[in-house]
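Coordinate inspection notes
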Amino acid sequence: MSEQAGELRETVRRRYAAAAVMVTEGGTACCGPQPVEVDENFGSTLYAADERDALPAEAVAASLGCGNPTAVADLHEGERVLDLGSGGGIDVLLSARRVGPTGKAYGLDMTEEMLELALANAKKASATNVEFLKGTIEAVPLPANTIDVVISNCVINLSTDKAAVFAETYRVLVPGGRVGVSDVVADDTLTPAQRAERGDHVGCIAGALSFTEYRAGLEAAGFVNVEITPTHPVADGMHSAIVRATKPRTGTQSSQATGSADACCGGTACCTPAESGVPVTAAHTASGCGCQT
């Protein structure tokens, strides 16, 4: 990772750590936590009232996304769902309700403070079919071919290596698995410099891909049936969009998404004793992964 990319990641981490602390401290106040995002284009207002009312107030308050991916992912009973950049856990908890007790919802986040908040929210919601993992979306700590649906809410635009995110998403999905994410996407006419003029990287604007770039990135990773549908503007020439794609049931994976059997754990993350939060047993059982410690 370049020095600039490392600095951007740390800036993102600090911003979301601060948001988690704000919600946690607000939850101890007499009036409860206040939403971190109050802009109509971001945050909990993008969820239906009945969805918000069914969750802990802290999960709702910590919502920082630009959409509602659980509303478009078409989740089914018994499916395994992975939320990239799960934050305070709102989309994980909603997904867990939809896949039911025979399914499971995983949340992945790199920010310790957000993970602590998410775990507390899961406990308050009495959600038993959820698991939160610490890691980055460029190196998912799960074996290949173990997830039915990958969701994400305004997080992929924050990555400085989106090709790695798309490749990892492809890798963990089962054949026929699908992507249903909300993200910020730019008009094709906007250059990277023009996108940066409209907002900073941590604000989900400067790092956004264009429609063409997003489609090309997913297709390069091996995805088919790519659909990118704008839902509402977030800046001039910038849109919140629903992104859908499918991993083919058969065929050869792209060079980016293909790995050896020995690497089925996604790098080495779930193979190391230090990664105690990784669901090694369940994931290995589902995939047949033969990782070694």
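This text goes with the structure placed above it.
First, a word on scope: everything that follows refers to the structure included in this document.

Basis of the calculations
- Counting restarts for each chain, with residues numbered from 1 along the sequence as it is written.
- Residues qualify for local features only when their pLDDT is at least 70, as the model is predicted, and side-chain atom pairs are given and counted only at 80 or more; totals for whole chains, interfaces and linings, by contrast, use all residues.
- Side-chain metrics rest on all non-hydrogen atoms present in the structure, leaving aside hydrogens and water.
- Categorising residues by exposure relies on relative accessible area from a 1.4 Å probe, with only protein chains included: less than 20% of the type maximum marks a residue as buried, more than 50% marks it as exposed, and the intermediate range marks it as partly exposed.
- By the criteria applied, helices consist of DSSP H or I runs no shorter than four residues and strands consist of E runs no shorter than two, each listed in order from the N terminus.
- Pairing between strands is defined by DSSP: at least two bridges between the two strands are required.
- A clockwise path from the first strand over the helix to the second, with the strands pointing away from the viewer, defines a right-handed crossover.
- For helices, the fitted line uses only the C-alpha atoms of the stretch in contact; every axis is such a line through C-alpha atoms, and the angle between N-to-C directions lies from 0 to 180 degrees.
- In these notes the angle categories are as follows: under 35 degrees is roughly parallel, over 145 is roughly antiparallel, 65 to 115 is roughly perpendicular, and the rest is oblique.
- Helix crossings fall into two classes, left-handed where the near helix is turned counterclockwise from the far one by less than a right angle and right-handed where it is turned clockwise.
- Between two residues, a contact is recorded if the distance between any of their heavy atoms is within 4.5 Å.

1. Focus: the pairing of strand 4 (residues 147–153)
In terms of burial, strand 4 is largely enclosed, as seven of its seven residues are buried. Both strand 1 (residues 80–84) and strand 4 contribute to a ladder of four bridges, which runs parallel. Residue pairing in the sheet places Asp-83 in a bridge with Ile-151 of strand 4. Across six bridges, strand 4 lies against strand 5 (residues 173–186) in parallel orientation. Paired with Asn-153 across the two strands is Ser-182, which belongs to strand 5. In this fold, strand 4 hands off to helix 6 (residues 162–172), which returns the chain to strand 5; that crossover is right-handed.

2. Observations concerning the pairing of strand 2 (residues 104–109)
Most of strand 2 sits out of view: five of its six residues are buried. Where strand 1 meets strand 2, five bridges bridge the pair, whose relative direction is parallel. Counterpart to Asp-83 in the pairing with strand 2 is Gly-107. Between the parallel pair strand 1 and strand 2, the chain is carried across by helix 4 (residues 90–99), and the sense of this crossover is right-handed. With five bridges connecting them, strand 2 and strand 3 (residues 130–134) associate as parallel partners. Its bridge partner lying in strand 3, Ala-105 is registered against Val-130. The β-α-β motif built from strand 2, the intervening helix 5 (residues 112–124) and the parallel element strand 3 has right-handed crossover chirality.

3. Overview of the packing of helix 6 against helix 8 (residues 211–221)
Contact geometry for helix 6 and helix 8: axes closest at 9 Å, N-to-C directions at 45 degrees. Relative to helix 8, the element helix 6 is oriented oblique. Note that helix 6 runs across helix 8; the crossing there is right-handed. Of helix 8, the residues touching helix 6 (which contributes Phe-166, Ala-167 and Tyr-170) are Tyr-214, Gly-217, Leu-218 and Ala-221.

Just geometry here; none of it tells us what the structure is for.
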